[in-house]
Structure formats: C-alpha cells, structure tokens
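# Examination of the molecular architecture
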Amino acid sequence: MDTQTLKHLNEAQREALEVAEASRETEWTSPSFVAELFMGKIRTNLIFPYPEQSPEDRQIGDEFMKQLESFLKCNLDPDEVDRTGILPPEIIEGLTRLGCWGMKIPKEYGGLGLSQINYNRAIALVASYCGSTAVWLSAHQSIGVPQPLKLFGTAEQKKKYFPKFAQGAISAFALTEPDVGSDPAKMTCVAVPSADRKTWTINGTKLWCTNGLIADVLVVMAQTPSKIVHGKEKKQITAFIVEKGTPGIQYPHRCDFMGIRAIQNGVIEFKNVVVPAENILWGEGLGLKLALITLNTGRLTLPAACGGMSKQALRISRLWGKEREQWGAPIAQHEAGAVKLSHMAANVFAMEAMTYYASALVDRGGSDIRLEAAMAKLFCSEAAWKIIDDLVQLRGGRGFETASSLRQRGEKGYAVERMMRDSRINRIIEGTTEIQHLFIAREALDYHMKLVGAFINSQSSFSEKWKSFWKCAFFYPKWYLGLWCSFDWMKSYAGYRPLSSEIRFVGKNSKKLSRTIFHLLLKFGPKLESHQMVLARVVEIGTELFAMACSCSKAISLIRNNPSDLSPVELAKIFCKQSQIRIQHYYDALKKNTDPEDRTLSKKVMNQAFSWMEQGIIPDDGAGFQKNSETTVPLEEKRRYSV
Ligand SMILES: Cc1cc2nc3c(=O)[nH]c(=O)nc-3n(C[C@H](O)[C@H](O)[C@H](O)COP(=O)(O)OP(=O)(O)OC[C@H]3O[C@@H](n4cnc5c(N)ncnc54)[C@H](O)[C@@H]3O)c2cc1C
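## Quick word on the domain arrangement of the protein chain
- According to the domain assignment, the protein chain consists of domain 1 (55-166) and domain 2 (171-294).
- Look at where the C-alpha atoms of domain 1 and domain 2 centre, and you get two points 24 Å apart.
- Contact with domain 1, which involves 28 residues of that partner, is made by 25 residues of domain 2.
- Carbon and sulfur atoms make up 65% of the surface buried where domain 1 meets domain 2, a total of about 2100 Å² over both sides.
- The interface formed by domain 1 and domain 2 holds one salt bridge in total.
- The partner of glutamate 243 in a salt bridge is lysine 160, and the shortest N-O contact between them spans 3.3 Å.
- Applying the counting criterion to the domain 1 and domain 2 interface returns eleven residue pairs in polar contact (both at pLDDT 80 or more).
- Secondary structure elements with two or more residues in the side of domain 1 that touches domain 2: helix H4 (78-84), helix H7 (131-143), helix H8 (146-152) and helix H9 (155-166).
- The dominant element in the side of domain 1 that touches domain 2, judged by the number of residues it contributes, is H7, at eight residues.
- Residue composition of the side of domain 1 that touches domain 2, grouped by class: 15 nonpolar, nine polar and four charged.

What follows is the structure, given as structure tokens:
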C-alpha cells in the first residue's frame, strides 16, 4: 500500500504507517489458509487432514515433558515465586540442567532442538503451573536472541552464541521505549557507525525488556542513519546483538507488575555502548522486519501458554463446580455455571486446535503462518482472559482470595487470583489486541490494496492509474460474481462427516466475509483504514472461521485415530455453534453500531465536556500520596468526624 493514498492522515500517522509498511513481508510466496479465506476461497487441503505430530517427535516431547513436570513439581513453589518476585537461582540452574534455555537451539550447537510443537507443549506445561517461569523461558527463546539468530544469523554468529544459550545463557529482546510502544516510528535509541564502520555506538533507553536485567545477551533495536530512497528520507531500524558487561549499559529500574511478578523486566540505558559491526543481525535497516518475522513464529508461544493456563482453569472449574453446593445443587449444575464450563471446554479445544495447527506448519515448513499465528495469539489471549474471569466467578469469594490465605484457613488453595493477574498481560504483549486487529486487517486487504492502490493514489502517474484500472476491470467482475454464484451448495462435504455442515458454514462464510470486505472497500475507500471497529469485526469473523476450521479438522483427525471416543466431535460442534452466534453478532454490528456516535462522544469526553461527571472523587494525579502539612486535617478535627 502506498501511504500517499492516505491523505486523511496527519504527518505522524503517515510516518508510523510508512515505517510499518516498509517492514512488512510484502509477498505471499507460500500458501496460507487464512489469506485465502479472506479472498473467499476455502482451501480445505491446507487444513485437512489435521497436521499430526509424528510418533517419534511426540515421544521426544513426552519424555521431556515428564522430566520438566517432575522437576517443577518437586522444586518450584509458584506462590512463593509470586510472593517474593524472585525465581530462585537453583530453579534457574535446574532449568539449565534440563536444557530448557536451549529448547529451540539446534542439536548441532548443543541444544535440545525441540520442534515448535514440543517447545510449545513445554511452555504450556510451565504456564499452567507458574506464569513467571513461563515468561522467563519464552522471552528468551521466542523473541530473545535464539529465534532471530536461527532465522537470520550468520554462520559465525550462530557458532558464537548458540552454544552459550544451550549452556544456560539467557537472552532478551529490546524494542520498546518510553515513547515507543505499538509504534516503532518514534524510536529514539540510536546507533551510529564509526568512521571505518567497524563498530557502532548505541545510545538510548529501552523499557520493559523482559529478562533484560539479567540477560547475558540482548537483541537491541536502534535507529541507524536514514537512507534517501526516491528522493525521500527513509528511517532505518537495525538489530544489534549486545552482550552483558559491555561498558555503558545501565539498569536504573526494575519494574514491578500486577502479575508474572518474578520476571526480570526493567529500564535499560545505553550510554555510548560500542558493539562490533559483526553483531548486526541480518543487515542494516532490516531490524524491524526481523522483529516482525521473529514474532510470526515467536508469537505462537503465547497462545500455547494461554492454552496451558486455560486447561488449568477448566480443571479447577470442574472440581469446584462439583464440590461446591449452593441452593441444593453443585454450582456447575445451575445453568449459569454449566454454561461457563461448556464455554471453557469448547474454547480450550479450539485454542489448542489453532495453536498446534500453526505450530505443526512451522515444523513442516513451506507455509506462510503470519496470519494464522496472529489469529492464534488474538483468539487465545482473549479466550484465556474470559475463561479465567469465569473461573474467578465460579469460585465466588474464593476466586478473589489468595491461595496462601485459603490454605492458612484450611481450604484448598487454588491459585486462581494469581492466575488472573498473570494472564492479563497476554492481551498486551507481542502485539496488543487492537494492533493484532490492524495487522490482520492489513494483510486481509493486501490483495485489494495491490490491485487498486495505484488507482486511488493521488501521486500515481496516468499510466500507472490506467494499468491499475485494467487490472481491476479484469479481476473484480469475475471474482465478485464467483462469490455469489459458486455452486457451493452442490459441493459435497461428505468427507468431513460428522462435521460437514460446520465446514460448509466456513466455506459459505468465507465468501460472505470476502463480499463484505469488498463492499466496505467501496463504501469507505482508503479511509477504511481508520474505521478500526469495522476492521476489528471483519478480523474477528475471519478468526472465528479459522478457529472453527481448526477445531473441526482436529476433531475429525482424533476420531479417525480413535473411533470409539466421539467427545472431540461434541466439543467441535458446540464450539462451532457458539462461534456462529458470535459471527452473526459481528455481522449485525457491522450494519448497526454506534461507531460514529462513539467517535463524537469520545471527542467531547476528551474536550472535558463531561468533566462534571468526574466530580465526587479524589482524583488520582499519578503522584501518589503526598503528605502536606498545610492541607492535613489536625488530629482534633479528625476525631470530631470519627464515630
Ligand atoms: C510485562 C511486560 C513485558 C514486556 N516485554 C517486552 C519485551 O521483552 N521486549 C519489548 O521490546 N517490549 C516488551 N514489552 C512492551 C510491550 O510489548 C508493549 O507494552 C506493547 O507493545 C504495547 O505498547 P505500549 O504499552 O507502549 O502501549 P501503547 O502503544 O501506548 O498503546 C496503548 C493502548 O493504545 C492502543 N493503540 C496503540 N496504537 C493504536 C492504534 N494505532 N490504533 C488503535 N489502538 C492503538 C493499544 O492497543 C493499547 O491498548 C513488555 C511489556 C510488559 C508490560
């Protein structure tokens, strides 16, 4: 997409978009089920049969999982970790002995060389027990140095760093800055080359770098000198490997969070930190692209962790739902409780189906999983939050009480309160829900943008517009007609029994979604980009369809392997029914919503038109409690008010 088409944006918005666009992977060279789905095609061969883990790989995973589980259960107290905010050194050493810091490091460098599926199984297992430990491991391997090194490292870099990680060195990924969260265009951390270009000097501040405070090796994103492309300045962001102990690195603050309280995350300052040029990963100016590509696979760990936590939530809900009796029956038998359990079970099934489908594609290679991974992250982080919230509700007052307090008064101390605090971050890190919506929407619109981009771009020459016009004239009539008259009703879905009607629904709705996208493009033109709620609904429909397809595929595969157990089909069927209701809700909301009114009202709120509604409170000005002798009420006065 040429950002010149977006004349309605201000300069900062356009710059943010230009940086993001420059870092996108622009081509779809490998197949993607979701990319096709957005164009109205359902390529069932990409999702059926469900990609199974090979028996050999499963056995490797099973053995590792057994060791990991036994180590954690015998040595790690997750409540103590949460209470103290410390992951004890003997746990870190134990994890090193098990090879956990080298789970994804290839065997030839001394790592475990686990497949993506087994790695995700390990993270899910750890996350079901201790959120902090899971984040230590995943920040190191999913986004820290090992993953970009695997993808983009030179042979020398791999030889130098992989063995260190396999032996227990820990890494971190430093992109975020105080003013750079979702929008990297404003990056102020800079790196400048020496005159002979043999070294680079980094200056700047990074924020919220998980593992950053203890990491032996960091991957640091910094702005490097801009390039002039077609007479226009283009910002460059470059990734550097930076080793602990390099002079000039300071750690002024460790951050304290609501959950995952033992992570070593904080502010890192770089003051004239000199790194050799050979520490550049991939190439100058390719840092942001590297970060995005790294996250395509790295992002899959997060849904796996959400799956682990949600399975734990399901288990506790089952036990408590049966044990706790109120109003003459176990609470899970009251309809309000039953619905919660049913939603949990169906969603856990769908979450795992999506996560391990995408993970299997990574192991198999040859597929483009950027949309599948982003959808798995989006769906699983939101579903896990809802599941854990429902668990808190089912536990009633006990859901709000800490595990240790429950145990102290002689009750079972399920760590539900900790689980809720630990899981909230998943909707924020590795792409917030809102940014995932935008990212997925951008990719969903990609084909259309390529076709019509030059036509609607005010900067295009006459011949470019003319070419674009003809491309559209050839493509759209046939494609659009195909979305209406596809003879889909004649197509046999018998091969997908007993879930054929669900798959038919996915096929039919991929066409409906595609038509809807086209209609929205006609209605809003380039301004569609700023109708974020419209895009979010479109993305949610696509995500639900993908979740349905994965669930059906997994269920069919499970019953083919074990025909005597039809429970997977039951789960897939109920998930699809729940999903269809949500899809209908999104379609309805595309037609009838309060988006324009919400925009107007929000402007008024921002302009303090409703400041009268903020009266009657003690305003939080962010400064915390300040004892002020002039305004402090004397003790005698206080007594007069007390009863
Ligand atoms: C515990 C923790 C661990 C972290 N670990 C790491 C790490 O290891 N490495 C690292 O580099 N960073 C890390 N981060 C940073 C994390 O990735 C960011 O918090 C995240 O990217 C969001 O950025 P932000 O917090 O600055 O939010 P902002 O970008 O300021 O966004 C605030 C809100 O506005 C919304 N928003 C922003 N832009 C738009 C838009 N264009 N349209 C609509 N809505 C928008 C967001 O969705 C969000 O709801 C971590 C953060 C935390 C809290």
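## A word on the pairing of strand E5 (residues 232-243)
- Here eleven bridges tie strand E4 (residues 217-229) to E5, and the two strands are oriented antiparallel to one another. Across the sheet, lysine 227 pairs through a bridge with lysine 234, a residue of E5.
- Remark: two residues form the turn of the hairpin made by E4 and E5, two consecutive strands paired antiparallel; histidine 230 in that turn has positive phi of roughly 50°.
- Of the strand pairs in this sheet, E5 and strand E8 (residues 280-281) are connected by two bridges, and their pairing is antiparallel. Counterpart to alanine 239 in the pairing with E8 is leucine 281.

## As for the side chain of glutamate 540
- Positionally, glutamate 540 belongs in helix H21 (residues 532-561).
- Although glutamate 540 is buried, it forms no salt bridge, and the closest oppositely charged side chain is arginine 582 at an N-O distance of 7.0 Å.
- If we ignore the near neighbours within four places in the chain, the residues touching glutamate 540 are Leu378, His437 and Tyr586.

## A short note on the site of the ligand
- Neighbouring residues of the ligand: 20 residues in total, closest Phe173, Thr176, Ser182, Trp208 and Thr432.
- Here the ligand loses 69% of its free accessible area of 960 Å² to cover by the protein chains.
- Taken together, the elements giving at least two residues each to the shell around the ligand come down to strand E1 (171-174), strand E3 (199-210) and helix H17 (433-444).
- The element that contributes the greatest number of residues to the shell around the ligand is H17, accounting for three residues.
- The residue makeup of the shell around the ligand, split by class, is twelve nonpolar, seven polar and one charged.

## Let's talk about the pattern of salt bridges
- For the structure shown, the criterion picks out 28 salt bridges.
- Here arginine 409 makes a salt bridge to glutamate 401, at a shortest N to O gap of 2.8 Å.
- Residue arginine 409 is classed as partly exposed on the basis of its relative accessible area, which comes to 45%.
- Note that glutamate 502 and lysine 573 form a salt bridge whose closest N and O atoms lie 3.3 Å from each other. Of this pair, glutamate 502 sits in helix H20 (residues 500-524) while lysine 573 sits in helix H22 (residues 567-591); the two residues are 71 residues apart in sequence, bridging distant segments of the chain.

## Remarks on the environment of methionine 375
- In this fold, methionine 375 is placed in helix H13 (residues 370-395).
- Separated by 246 residues in sequence, methionine 375 and tyrosine 129 have C-alpha atoms that sit 25 Å apart.
- In contact with methionine 375, other than residues within four places in its own chain, are Val34, Phe38, Met354, Ile440, Val539, Gly542, Thr543 and Phe546.

## A short note on the packing of aromatic side chains
- According to the stated counting rule, one finds 23 aromatic pairs in the structure shown.
- Taking 5.8 Å as the distance between ring centres and 65° as the angle between the ring planes, the aromatic pair formed by tyrosine 357 and phenylalanine 546 counts as edge-to-face. Of this pair, tyrosine 357 sits in helix H12 (residues 335-364) while phenylalanine 546 sits in helix H21; the two residues are 189 residues apart in sequence, bridging distant segments of the chain. Pair check on accessibility: tyrosine 357 and phenylalanine 546 agree, each one buried.
- A connected cluster of aromatic rings, assembled from ring pairs, spans Tyr447, Phe475, Tyr476, Trp479, Tyr480, Trp484 and Phe518.
- The positively charged end of arginine 299 is found above the aromatic ring belonging to phenylalanine 439, 5.6 Å away from the centroid.

## Considerations on the packing of helix H19 (residues 462-484) against H20
- Running from N to C, H19 and H20 cross one another at 135°; their axes reach a closest spacing of 9 Å. Judged on the interaxial angle alone, H20 and H19 are oblique. Taken as a pair, H19 and H20 cross one another with a handedness that is left-handed. Taking contact as the criterion, the partners of Tyr476, Trp479, Tyr480, Gly482, Leu483 and Trp484 in H19 are, on H20, Lys511, Ser514, Arg515, Phe518 and His519.
- Considering only residue class, the contact of H19 with H20 consists of six nonpolar, three polar and two charged.

## Some details on the packing of H20 against H21
- For the pair H20 and H21, the least separation of the axes is 10 Å and the interaxial angle reads 165°. It follows that H20 is roughly antiparallel to H21 by the angle criterion. Crossing of H20 against H21: the hand is left-handed. On H21, the residues touching Glu502, Ile503, Phe505, Val506, Asn509, Ser510, Leu513, Ile517, Leu520 and Phe524 of H20 are Val534, Val538, Ile541, Gly542, Leu545, Met548, Ala549 and Cys552.

Calculation criteria
Residues numbered from 1 in each chain as written. Predicted model: local features only at pLDDT ≥ 70, side-chain atom pairs only at ≥ 80, totals over all residues. Heavy atoms only, no water. Domains from an automatic or database assignment. Contact = heavy atoms within 4.5 Å. Buried area = accessible area lost by both parts, 1.4 Å probe. Salt bridge = Lys/Arg side-chain N within 4 Å of Asp/Glu carboxyl O. Polar contact = N/O pair within 3.5 Å; in protein donor to acceptor, adjacent residues only side chain to side chain. Helix = DSSP H or I, 4+ residues; strand = E, 2+ residues; numbered from the N terminus. Nonpolar A, V, L, I, M, F, W, Y, C, P; charged D, E, K, R; others polar. Pairing = 2+ DSSP bridges. Buried < 20%, exposed > 50% of the residue type's maximum accessible area, 1.4 Å probe, protein only. Lys, Arg positive; Asp, Glu negative; His and termini not counted. Near = heavy atom within 4 Å. Areas by Shrake-Rupley, 256 points an atom, 1.4 Å probe, with all protein chains shown as cover. Phe/Tyr/Trp six-rings, centres within 6.5 Å; stacked < 30°, edge-to-face > 60°. Lys NZ or Arg CZ within 6 Å of the ring centre and 35° of its normal. Axes fitted to C-alpha atoms, helices over the stretch in contact; angles between N-to-C directions. Parallel < 35°, antiparallel > 145°, perpendicular 65-115°, else oblique. Left-handed = near helix turned anticlockwise from the far one by under 90°.

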